Amino acid sequence: MRCLALLLGLLALHQTHCFEFVVEGEWETETSLEEQHGRFQRAILTSEEQEDFEAIRGDDITVKSYKVESRITSRFCHTTVKSSVVNSGPNAQSIGFNVQIPKRAFITNFTMNVNGITFVGSVKEKTVARSLYAQARARGKAAGLVRANSQDMETFKTEVHVPPGSKIEFELHYQEMMQRKLGFYEHSLYLQPGRLVPQFQVDVYIYEPSGIASVETPNTLGEHFSGMAKLTSSKHKAHVVFKPSLQQQRKCENCTTSAIDGIFTVKYDVLRDSNAGELHVSDGHFVHFFAPANLSPLPKNIVFAIDVSGSMWGVKMKQTVEAMQTILDDLTMDDYFSIVDFNHNVRCWSEELVPGSTIQVAEAKKYIQNIKPNGGTNINEALMRAVQMLVKASNQGMIDPRSVSMIMLVSDGDPTVGEIKLSAIQKNVKKVMREEFSLFSLGIGFDVDYDFLERIAMENRGVAQRIYTSHDASDQIRRFYSQVSSPLLRKITVQFPENSVSDVTQNHFDKYFSGSELVVAGKVLPSESTTLNSFTTASADRLDLSLQTEADYLELDAELAQQQHAFTGFARQMWAYITVNQLLAERSLAPTAGQKRKITQRILTLAVEHQFVTPLTALLVESEEAKERLLADSPKDPKQGCCAGGSGMAALGGRTPVQMVHSIPPWVQMTTPAPPSHAERPLPDHITIVENDPHFIVHLPKNNMDICFNIDSEPGHILNLVSDPGAGVVVNGQLVGSKRVGVEEKEKVNTYFGTVSVFYQPDGIRVSVSTDRIDLTDGRNNHSFTWGATADITQDRVKVSIVKDSKVMVTVDDKITVMVLLHRVWKKHPTHVDFLGLYIPNNNQYSSEAHGLIGQFGQEPEVRVFNLHQGADPRKKEATMEVKGNKLVVTRGWQKDYRQDSKRGSDVFCWFIHNSGKGFIDGHYTNYIVPRLDSFLPL
């Protein structure tokens, strides 16, 4: 775990000040895995030392204030921790300022004012910072780094030696990207002042341009502070303040000790209009957030590889078994699984993958329950066996091509049996793992070589997690599994138009898991356009997706300028944050020293430019005149394990990867191809239309004529429009009524189509288009999309093309097309409601069995119009129509086609047939009312 430490010695000798700071720790080297392995000594605080942690340390001191402020804008957070302290004692003493920060955060600055002398921090390359520091070295007191262990935090420590009466002000800044897990972003602040503070305050400001869906402050500090966090929120903003008084801070009424001791947490999520994601453009940079929902999970094939060596005996094994009981219960019949347990030998519960049925799960749970840990650790052979299971199942056709295959390795130690050379194990696993397989590693406790587990996971499209051997270790395992147990998408790629962006972060992802989020950032190139578009392609269960979204170049900056507590530089810093993290990960996997050096230089340039303290940079803290200098860095932490050179995220104290996906090395050219085309089958000028309440316009191409009629039915009725058993296609529409405001219950209301359904029986797929969303159902899965983004969706022989807030085109087997047009009305209109228009081309290739209000005209009838004369309305002619053996009185009129002009429409002149089309349609219109949206007409 990383720890930054400063020591300042301030001695009143001849009115001069002498300072010295010494860093102890491993610096960057190029040694191999094996040379490093086992050499480092673990540096772990005892439980007593951890419990004794205080934010402000010293005897006879007065802490005037302790304030924490976090500003979260578009998921990027800038946190400032400030404290004002006075040495109230009679003697000179060392006063400590300690802050626990999230592991994934980068410290960006530290300033300190000691009796009027101000020290300001700046991030520099380590070698530069050490050189500048050495120039200013003076005599004083030396101190080494002190490291602390915690599940999600790491410690920054500062110590200043000051005379009595001295006033010191500390200020620390750090930045981090909020990571979405299980449907929430969670912001954590470690609060442990160690004493009562007159001015104690925490402020968390959240600004989300897309809107805030929910925000909460779980009571993680204990019942003592229940209800003290105050929350105010609006659509886009939230403010959480925690400001206990001196009396409220006391452990008891007359106590002099503080009850504030723990993690203060704020959880929130954002509003999402569509599955296409959100695109934010600000300060010459963009960030694309992708977190689709309402998709059915992909089936998964999973092999659990569980370490049962002697070191797992006792609590570790008990907690692993407890977690596995719950995890196995999560499996479904669509999932396949097996268990490999290993010590010096490797055993398989089942040599082949089996479905997650109730019986198989029960047998597996019994097997796990009876495991007795003993012996050594043969990780290599266990992973080889697990991969072989997946390969065998794939070769035998047991694995659905769209399913997700993964291995979950659970271990607490280093390999001791079989192949024990770490680099060899990595090569062996990499060699046999297929591109569609992923490896997830769980390292239990501090004895495990976590760095090795992380490297082997990252190399194989997975992620590692350290599990701490506390009372909730089984919950930690379950929570991790929950994050990867519901894969929704595979092969996700986010693209942008050519010459519109540069320096794009990773934009191809192997998997997307429910409740998480994929993030792509980059720079926006100068352009005459005012908008930036993004195009996302992905594969779901039986579904291929292409999604589009856009953002205005200037809109967000204008909004941010009006926000008092927004972090205006979020996009620039987030791009740098993601890029540095990915480069650190890629650096650890670089195959040659030359490539590693190139990546190192890129990291140094970015870290210095954006002021991030990384394993390759240091924070130089100096007085305004640069006469006194202190140095803080992020050296290699021995207890992170084997691997040299700040091995990416492991060297950052277990910094978790920004995404749970495989990173693309920088030496691979990442191009930004032209966006995918959203080609749709063009509709002819003359077409059959159903619009408004509902007016049918049937185009008869042979007669070069349009015939109109209305259907006067009831809200809730489902009308069959096309019923074609021969083609296996049915198109139905469900009516909704206008609002009943000041209308008698018995009085007739206007009806409109509120839902249109296209059902393709051979593939069992139904596309249901409503004014709220578009649903695809195949009998087993349901995928839902909003009108908020342009999207192309393909499932088997059904294609769906959504144009944002405009229309949906459904094409079945490249033969039958239905277009649905969205009509939005003013929400506060007293009677109008949102409704759908329907457009069906006459060149649809129906079978001879087609029928329905529209389908019956696939076989065009003979029509003759004669006896044209003046009607009752002088503006409208009347005539006699002869059709299907009937003579009908018809009126010349017009209806609207809204394809080109969605507001005013264009006129379509037609002959209007009265009485709900009687005589023109077969039978009575009530014969076309069906019970369900997927019902065919009775034969």
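Scroll up a little and you will see the structure.
Quick caveat: nothing in here was measured; it's all calculated off a predicted structure. (Residues numbered from 1 in each chain as written. Predicted model: local features only at pLDDT ≥ 70, side-chain atom pairs only at ≥ 80, totals over all residues. Heavy atoms only, no water.)

1. Brief notes about the overall build of the chain
Scanning the chain from N- to C-terminus turns up 14 helices and 52 strands. Going through the 939 residues of the chain one by one, you find that 58% of them count as buried. For the chain, the proportion of contacts with a sequence separation of at least 24, taken over those separated by at least 6, is 70%. Roughly 37,600 Å² of accessible area belongs to the chain as shown, and the carbon and sulfur atoms make up 48% of that amount. (Helix = DSSP H or I, 4+ residues; strand = E, 2+ residues; numbered from the N terminus. Buried < 20%, exposed > 50% of the residue type's maximum accessible area, 1.4 Å probe, protein only. Contact = heavy atoms within 4.5 Å. Areas by Shrake-Rupley, 256 points an atom, 1.4 Å probe, with all protein chains shown as cover.)

2. Remarks on the sheet that holds strand S16 (residues 262–270)
One open sheet holds the four strands; their spatial order is S10-S11-S16-S13, and the pairing between them is antiparallel. Edge positions in the sheet fall to strand S10 (180–181) and strand S13 (212–216), since each has one partner strand and no second. Examined bridge by bridge, S13 and S16 share four bridges and lie antiparallel to one another. Looking across to S16, one finds that Glu216 is bridged to Lys267. (Pairing = 2+ DSSP bridges.)

3. Looking at unusual backbone geometry
Glycine aside, residues mostly have negative phi angles, and peptide bonds mostly take the trans form. One non-glycine residue, Asn115, lies in the positive phi region at around 50°. Examined against the element boundaries, Asn115 turns out to sit in the loop between strand S6 (106–114) and strand S7 (117–125). Of note, the phi angle at Arg542 is positive, near 65°, even though the residue is not glycine. When you line up the elements, Arg542 lands in the loop between strand S30 (531–540) and strand S31 (543–552).

4. A closer look at the pattern of salt bridges
Summed over the entire model, instances satisfying the criterion amount to 39 salt bridges. Among the ionic pairs, Glu352 bridges to Lys392, the shortest N-O distance being 3.2 Å. Taken together, the residues Glu352 in the loop between strand S21 (346–348) and strand S22 (354–355) and Lys392 in helix H7 (residues 379–395) connect sequence positions 40 residues apart. Its salt-bridge partner being Arg864, residue Glu882 comes within 3.8 Å of it at the nearest N-O pair. Separated by 18 residues along the polypeptide, Glu882 in strand S49 (residues 877–883) and Arg864 in strand S48 (residues 863–870) bring together distant segments of the chain. The structure contains a network of salt bridges with shared partners spanning Arg75, Arg180, Glu208, Asp269, Arg272, Glu278 and Glu517. (Salt bridge = Lys/Arg side-chain N within 4 Å of Asp/Glu carboxyl O.)

5. Some remarks on the nonpolar core
A general trend in soluble globular proteins is that nonpolar side chains are found buried together. Within the largest apolar cluster, 89 residues are counted, with the highest numbers of intra-cluster contacts made by Phe286, Leu489 and Phe920. Sequence-distant contacts of Leu489, defined by excluding residues within four places in its chain, comprise Phe290, Pro292, Leu295, Leu298, Asp510, Lys511, Tyr512, Ala538, Ser539, Ala540 and Leu545. Counting residues in each nonpolar core, the second largest holds 55 residues, with Tyr66, Ile117, Val162 and Val215 among its members. (Core = buried A, V, L, I, M, F, W, Y, C linked by side-chain atoms within 4.5 Å.)

6. So, the state of the cysteines
Inspection of the entire model under this criterion finds two disulfides. Each disulfide pairs two cysteine sulfurs, and for Cys708 the partner residue is Cys910, the sulfurs being separated by 1.9 Å. Because the sign of the S-S torsion sets the handedness, a value of about -115° for the bond joining Cys708 and Cys910 places this disulfide among the left-handed ones. One end of the pair, Cys708, is in strand S36 (residues 705–710); the other, Cys910, is in strand S51 (residues 906–913), with 202 residues separating them in the sequence. Assessed through its relative accessible area of 1%, Cys708 is described here as buried. Ordinal numbering of bonded cysteines along the chain defines a disulfide pattern of 1-2, 3-4. (Disulfide = S-S within 2.5 Å.)

7. Brief notes about the sheet that holds strand S29 (residues 518–524)
If you trace the four strands from one edge of the open sheet to the other, you get S17-S18-S29-S27, paired in antiparallel fashion. A single partner strand is all that each edge strand has here, and the edge strands are strand S17 (278–282) and strand S27 (501–502). As paired elements, strand S18 (residues 285–290) and S29 share six bridges and run antiparallel to each other. Counted as the bridge partner of Phe286 is Gly522 from S29. Docked against the sheet, helix H12 (residues 570–589) engages S17, S18 and S29, running at close to 70° with respect to S18. (Axes fitted to C-alpha atoms, helices over the stretch in contact; angles between N-to-C directions.)

8. Describing the environment of Leu390
Tracing the backbone through its elements, the reader meets Leu390 in helix H7. Overall, Leu390 belongs to the buried group, its relative accessible area being 0%. With 53 residues separating them along the chain, Leu390 and Phe337 place their C-alpha atoms 9.3 Å apart. Residues within four places of Leu390 in sequence aside, it is in contact with Asn301, Val303, Leu353, Ile399, Ser405, Met406, Ile407 and Phe437.

9. Quick look at H12
A rise of 1.5 Å per residue sets the reference length of H12, with its 20 residues, at 28 Å; its end C-alpha atoms lie 29 Å apart and thus fit the reference within 8%. H12 sits mainly inside the fold: 18 of its 20 residues count as buried. (Expected span 1.5 Å × (residues − 1).)

10. Points about the pairing of strand S41 (residues 773–777)
As judged from the four bridges shared by strand S40 (residues 765–770) and S41, these two strands associate in the antiparallel manner. When the sheet's bridge partners are listed, Ser768 is paired in S41 with Asp775. Between S40 and S41, which pair antiparallel one after the other, the connecting turn spans two residues. Pairing analysis gives five bridges linking S41 to strand S42 (residues 782–786), with the strands arranged antiparallel.

11. A word on the packing of aromatic side chains
This model, assessed by the stated rule, comprises 24 aromatic pairs. Taken together, Tyr66, Phe200, Phe225, Phe242 and Phe264 form an aromatic cluster joined through their ring pairs. If you follow Lys876 out to its NZ or CZ, it ends over the ring of Trp894, 5.8 Å from the centre. Its guanidinium or amino end placed over the ring of Trp911, Arg892 lies 5.0 Å from that ring's centre, counting from NZ or CZ. (Phe/Tyr/Trp six-rings, centres within 6.5 Å; stacked < 30°, edge-to-face > 60°. Lys NZ or Arg CZ within 6 Å of the ring centre and 35° of its normal.)

12. Observations regarding the packing of helix H5 (residues 315–329) against helix H10 (residues 473–484)
H10 packs onto H5 with a crossing angle of 35° between their chain directions and a minimal axis gap of 8 Å. For the pair H5 and H10, the crossing hand works out as right-handed. Where H5 approaches H10, its residues Gln319, Thr320, Glu322, Ala323, Thr326 and Ile327 are matched on the opposing element by Ala473, Ser474, Ile477, Arg478 and Tyr481. Tallied by class, the residues present in the contact of H5 with H10 amount to five nonpolar, four polar and two charged. (Left-handed = near helix turned anticlockwise from the far one by under 90°. Nonpolar A, V, L, I, M, F, W, Y, C, P; charged D, E, K, R; others polar.)

13. Observations concerning H10
The end-to-end C-alpha separation of H10 is 17 Å, in line with the 16 Å expected for twelve residues at 1.5 Å each. Turning to H10, its buried residues number three or more, namely Ala473, Ser474, Gln476, Ile477, Phe480, Tyr481, Gln483 and Val484.

14. Details of the environment of Tyr185
In this fold, Tyr185 is placed in strand S11 (residues 184–191). The spatial distance from the C-alpha of Tyr185 to the C-alpha of Asp269 is 6.0 Å, given a sequence separation of 84 residues. Filtering out sequence-adjacent residues up to four positions away, Tyr185 remains in contact with Arg75, Met178, Gln179, Arg180, Val266, Lys267, Tyr268, Asp269, Val270, Arg272 and Glu517. In terms of polar contacts, Tyr185 uses its side chain to reach the side chain of Arg75, at 2.9 Å. Within the structure, Tyr185 has its side chain in polar contact with the side chain of Glu517 (distance 2.7 Å). (Polar contact = N/O pair within 3.5 Å; in protein donor to acceptor, adjacent residues only side chain to side chain.)

15. A closer look at the pairing of strand S25 (residues 464–467)
By the bridge criterion, four bridges tie strand S24 (residues 437–444) to S25 in an arrangement that is parallel. Bridging from a neighbouring strand, Leu442 pairs with Gln465 of S25. A crossover links S24 with its parallel partner S25, the connecting element being helix H9 (residues 450–458), and its sense is right-handed. (Right-handed = clockwise from strand over helix to strand, strands pointing away.)

16. Some details on the environment of Asp706
Here Asp706 is to be found in strand S36. Remark: the alpha-carbon pair of Asp706 and Phe912, spanning 206 residues in sequence, is separated by 8.9 Å. Leaving out residues up to four positions away in the same chain, Asp706 has contacts with His686, Ile697, Val698, His699, Val908, Phe909, Cys910 and Trp911. Of note is the side chain of Asp706, whose polar atom sits 2.9 Å from the side chain of His699.

No statement about biological role is implied by the geometric values presented.
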